[in-house]
Amino acid sequence: MGDREVDEQLVERAQAGDKHAFELLVAKYQRRLGRLINRFVRDSAEAEDVTQDAFIKAYRALPGFRGDSAFYTWLYRIGINTAKNYLLALGRRAPTSTHFDAEEAEAFEHAGLLHEVSTPENELMSKQVVAVVNESLLQLPDDLRMALTLREIEGLSYEEIATVMNCPIGTVRSRIFRARDAIAANLRPLLDTNENQRW
Amino acid sequence: MKQNISAFMDGELFEDEADNVLSRLKKNSELQQAWQEYHLIGDALRQPDYFANDFSARFHQRLETEPIVFAPRRRVMQKARYFAVSAAASMMALALVAWLSMQVDQERTPQLALAPQTLDIRPASFSNNNEINDYVMAHEEFSPTTDVHGVASYIHSVHR
Amino acid sequence: MNYNYLILLAYFISAATSFADPLRDDQAEWLKTMAFAAHQSNYSGTFVYQDGVGGHVDVSRITHVVDENGEHERLEKLNGERREIISSPNQVWLITNQGKVRIERRKGKRIFPALLPEQILMLKENYVIREVAEDRVAGIHVHAVLFKPKDNLRYTHKMWADSQTGLLLKAVVIDDRDRIIEQYAFTELTLGDKIDRSWMIVEPLAQSSLKSPNVVPVLTAKTTDWQIDAIPSGFKMTQHFCYPLKNRNRPVTHLVFSDGLAGISVFIEDLAGRENVNVGLSSQGVIQVYSRVAWNKLITVVGEVPPNTVIQVGDSVRYAGVE
């Protein structure tokens, strides 16, 4: 809910010529879109390239985005089309042949019907990131952990979280920030060293 | 400032603050890093099986070579600080009754100071004094009280 | 051992800053919301004003509209003699049965946002701000804020605003003995775009973007020659002018002090052979006016503060310039 407002603001800025605003959207959705495309394009390195292509296509198609749907729904459609076209050009078939829309793609994701093939490096990295994030989460004080979980997993707004946790909204904002800040601090060494290992 | 990134990404800032944050994000690499990290944390919690390193940096290179898209579009302000005004329902009427009986403080009910002799000083009312009103008007123009809640900068100049 | 001490210190510092924020942010947020609503909304309403000391009651209508030039306001007394003030970013008009009089505007256009961070800081320094969460008044969800001063040189303010829109519904000023100095409350308030704007002053765009030639916020020797020894702590001088006040032959020095919520103005002018100057104390609700003569000048203090305070300020004005 709060997500959509942020996306709209960023899209508006991007449409007005602010490339950096679009990059913020990319940073936000790169993993989600990448994961989706990975379902079609099984090789991780290829999938990443196709994801990049999809974002570029989305950037070029921005003038056509009028805000009728949510940004990520629109982005997903572009992602799927990009993936399918890529496979067609290579003479490969997509896992399912008939029309495919964003909702169906997500449904497939949840049902785990599409299999992913990832490189060992990628897999290791993502496992490490997930491990650090989850361990850090467990180490947090209860109220910080609860606030972040309600926000990120349950998708509640600050106001809803304030009601659930019986505290002022300002406290919710502060707890979520402190949780993120603490986890990010633990992630930083991992991300820094990884950047040094370019393949 | 990073706290604002956290609130902004959740869509919990008002428009005016969000604009401010976006402007700062553009120039501040530490804030950009926070944006990346916080989103990574959320993704790691929700869908722990995909990670692409270095994506943003590589995308940045590609985006640089793209011509700038320019198709501005006016959209409706979402989280404006004044809410409750929609196109269809643009009028809202409030009715207040019995305002005089409202308690000021929960512990005590104050009394109206109708008896002047209970005050230490007995000021004269300036209702018929035009000269004094000039000063009051000049003063009211700058009254900080109206910064806080608006309502009639010249309320005392009108009610003499 | 030194290492452990540093870790402990770092912990305390970070703990202190993290404790400081959450509640303070709420209060500041509500103040900002109230100020924003007041200055950025279009609204029209009727309110009842009561002078707690003098005892009289007035009913007025206020209309507030914002356009690309800024804020426009119309304030109309509905009972008694006709008295109306219409203001726009560059002009203020006073309308009575005797006719229309233009008052010069010295303050420039308000910029967005309406409540500056410095002002919020000042408010927090000088008042204990408590949000008194009161649920409903006559079926409307309201949010109340209490400003309690840290000394008895100012008044306590309490404001009730509509939770949904942030607009003020009622305000009360009380003294340290819990007596109501003044109060006003809306009996009816309408928000929206379909508000009558026929009364608004239309300014040509070119003119409104320039400062009015009569606005002279000049720092002259005159304004710095005067010292005010007993200004209450927490009040800062925010402006100083020297300009011709209506009907005066010589320019008047006007010093403006603010503590974030209450204002004190000090006017200093030549007596210049005037007779029949009024000295002493006068009041209208929360506004106290005190005049005194010294150094052949008429010193007038106007403030939303108790009588003792304006007297204290007025008596402590002294000339510190070179003769």
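Residues numbered from 1 in each chain as written. Chains lettered and ligands numbered in written order. Predicted model: local features only at pLDDT ≥ 70, side-chain atom pairs only at ≥ 80, totals over all residues. Heavy atoms only, no water.

Chemist: Help me out: how do you make sense of the overall build of chain A in this one?
Modeler: On a plain count of helices and strands, chain A comes out with nine helices and zero strands. Beginning at the N terminus, the succession of helices and strands in chain A can be written as α-α-α-α-α-α-α-α-α. Considering chain A as a whole, with its 199 residues, one finds that 52% of them fall into the buried category. In chain A, the proportion of contacts linking residues at least 24 apart, taken out of those at least 6 apart, comes to 60%. For chain A, the exposed surface amounts to about 9,100 Å²; the carbon and sulfur share of it is 52%. (Helix = DSSP H or I, 4+ residues; strand = E, 2+ residues; numbered from the N terminus. Buried < 20%, exposed > 50% of the residue type's maximum accessible area, 1.4 Å probe, protein only. Contact = heavy atoms within 4.5 Å. Areas by Shrake-Rupley, 256 points an atom, 1.4 Å probe, with all protein chains shown as cover.)

Chemist: Got a minute to help me understand the overall build of chain C in this structure?
Modeler: When helices and strands are tallied, chain C shows five helices and 20 strands. Burial statistics for chain C: of 323 residues in total, 57% are counted as buried. As presented, chain C carries roughly 14,400 Å² of accessible surface, and 54% of it is formed by carbon and sulfur atoms.

Chemist: Quick question: what am I supposed to make of unusual backbone geometry here?
Modeler: With the exception of glycine, most residues fall at negative phi, and the peptide bonds are largely trans. Residue and element names in this part refer to chain C. Phi is positive for Asp178, which is not a glycine, with a value near 65°. Of note, Asp178 is situated in the loop between strand S11 (168-174) and strand S12 (179-191). For Asp178, a relative accessible area of 18% puts it in the buried group. Located in the positive-phi region is Trp295, a residue other than glycine, with phi close to 50°. With respect to the helices and strands, Trp295 occurs in the loop between strand S18 (287-294) and strand S19 (297-303). For Trp295, a relative accessible area of 42% puts it in the partly exposed group.

Chemist: Sorry, what's going on with helix H4 (residues 71-89) of chain A here?
Modeler: All names here are of chain A. Under the 1.5 Å per step criterion, the end-to-end length of H4 is 27 Å for 19 residues, consistent within 8% with the ideal 27 Å. Burial in H4 covers these residues: Phe71, Thr73, Trp74, Leu75, Tyr76, Ile78, Gly79, Ile80, Thr82, Ala83 and Leu87. After H4 finishes, the residue Gly91 shows a positive phi value of roughly 80°. (Expected span 1.5 Å × (residues − 1).)

Chemist: Would you take a moment to explain the interface of chain B and chain A for this structure?
Modeler: When the parts of a complex come together, some accessible area is lost, and that lost area is often used as the size of the interface. Contacts between chain B and chain A engage 60 residues on the former and 72 residues on the latter. Taking both sides of the interface into account, the surface hidden between chain B and chain A amounts to around 6,900 Å²; carbon and sulfur atoms contribute 54%. The interface formed by chain B and chain A contains 11 salt bridges. Lys26 of chain B is the partner of Asp18 of chain A in a salt bridge, and the nearest nitrogen-oxygen pair spans 3.4 Å. For the side of chain B that touches chain A, the secondary-structure elements that each account for two or more residues are helix H1 (2-9), helix H2 (15-27), helix H3 (29-46) and helix H4 (55-64) of chain B. By residue number, the principal contributor to the side of chain B that touches chain A is H3 of chain B, which donates 14 residues. Split by residue class, the side of chain B that touches chain A holds 26 nonpolar, 15 polar and 19 charged. (Buried area = accessible area lost by both parts, 1.4 Å probe. Salt bridge = Lys/Arg side-chain N within 4 Å of Asp/Glu carboxyl O. Nonpolar A, V, L, I, M, F, W, Y, C, P; charged D, E, K, R; others polar.)

Chemist: Explain the packing of helix H2 (residues 19-40) of chain A against H4 of chain B here, please?
Modeler: It is the contact of H2 of chain A with H4 of chain B, at a shortest axis distance of 10 Å, that shows an interaxial angle of 145°. The chirality of how H2 of chain A crosses H4 of chain B is right-handed. Along the contact surface, H2 of chain A presents Lys19, Phe22, Glu23, Val26, Ala27 and Gln30 of chain A, while H4 of chain B presents Phe55, Ser56, Phe59, His60, Leu63 and Glu64 of chain B. The residue inventory of the contact of H2 of chain A with H4 of chain B, partitioned by class, reads six nonpolar, three polar and three charged. (Axes fitted to C-alpha atoms, helices over the stretch in contact; angles between N-to-C directions. Left-handed = near helix turned anticlockwise from the far one by under 90°.)

Chemist: What is the right way to look at the side chain of Arg173 of chain A in this model?
Modeler: Assignment of secondary structure puts Arg173 of chain A in helix H9 (residues 169-196). Despite being buried, Arg173 of chain A has no salt bridge partner; Glu17 of chain B is the closest side chain of opposite charge, sitting 4.7 Å away. Excluding its chain neighbours within four sequence positions, the residues that come into contact with Arg173 of chain A are Tyr158 of chain A together with Gln3, Asn4, Ala7, Glu12 and Leu13 of chain B. (Lys, Arg positive; Asp, Glu negative; His and termini not counted.)

Chemist: Please clarify how the confidence of the model for chain C should be interpreted in this entry.
Modeler: Should pLDDT be low for a region, the predicted coordinates there are not to be read in detail. Residue and element names in this part refer to chain C. Mean pLDDT over chain C: 77, with 76% of residues reaching 70 or higher. No element of chain C has a lower mean pLDDT than helix H3 (residues 205-208), at 43, and none a higher one than helix H5 (residues 307-315), at 93. In the model, residues 5-24 has pLDDT below 50 throughout and makes six contacts with residues more than four positions away in sequence or in other chains. Residue range residues 205-217 is modelled with pLDDT below 50. Its contacts to residues more than four positions away, or to other chains, number 18 contacts. Predicted complex, confidence summary: ipTM 0.81, pTM 0.55. (pLDDT = per-residue confidence, 0-100.)

Chemist: Is there a simple way to think about the environment of Val128 of chain C in this case?
Modeler: Residues and elements named next belong to chain C. With respect to the element layout, Val128 can be found in strand S7 (residues 127-132). Owing to a relative accessible area of 43%, Val128 belongs among the partly exposed residues under this scheme. For the pair Val128 and Pro149, spaced 21 residues apart in the sequence, the C-alpha separation amounts to 6.2 Å. Not counting the four nearest positions on each side in its chain, Val128 is found in contact with Leu146, Phe147, Lys148 and Lys150.

Chemist: Any chance you could explain the packing of aromatic side chains here in plain terms?
Modeler: The relative placement of two aromatic rings is captured by the distance of their centres and the angle of their planes. A full pass over the atoms with the stated rule returns 20 aromatic pairs over all chains. An aromatic cluster of at least three residues, connected via ring pairs, comprises Tyr29, Phe65, Phe71, Tyr72, Trp74 and Tyr76 of chain A. Across from the ring centre of Trp160 of chain C, 5.4 Å away, lies the NZ or CZ of Lys170 of chain C, which sits over that ring. (Phe/Tyr/Trp six-rings, centres within 6.5 Å; stacked < 30°, edge-to-face > 60°. Lys NZ or Arg CZ within 6 Å of the ring centre and 35° of its normal.)

Chemist: So what exactly am I meant to see when it comes to the packing of H2 of chain A against helix H3 (residues 44-61) of chain A here?
Modeler: For any two helices packed against each other, the geometry comes down to the angle between their axes and how far apart the axes lie. Residues and elements named next belong to chain A. At their nearest, the axes of H2 and H3 sit 9 Å apart, and the two run at 140° to each other. The angle between H2 and H3 falls in the class oblique. Classified by chirality, the crossing of H3 by H2 is right-handed. In this structure, H2 contributes Lys19, Phe22, Val26, Tyr29, Gln30, Leu33, Gly34, Ile37 and Asn38 to the contact, and H3 contributes Ser44, Ala47, Val50, Thr51, Ala54, Phe55, Ala58 and Tyr59. A class-by-class count of the residues in the contact of H2 with H3 yields 11 nonpolar, five polar and one charged. (Parallel < 35°, antiparallel > 145°, perpendicular 65-115°, else oblique.)

Chemist: What should I look at first to understand the confidence of the model for chain A in this one?
Modeler: Residue and element names in this part refer to chain A. Taken residue by residue, chain A gives an average pLDDT of 80. The fraction at 70 or more is 79%. Least confident of the elements in chain A is helix H5 (residues 102-111), whose mean pLDDT is 49; most confident is H3, at 93. Counting interchain partners and residues more than four positions distant, the pLDDT-below-50 stretch residues 108-117 has 19 contacts.

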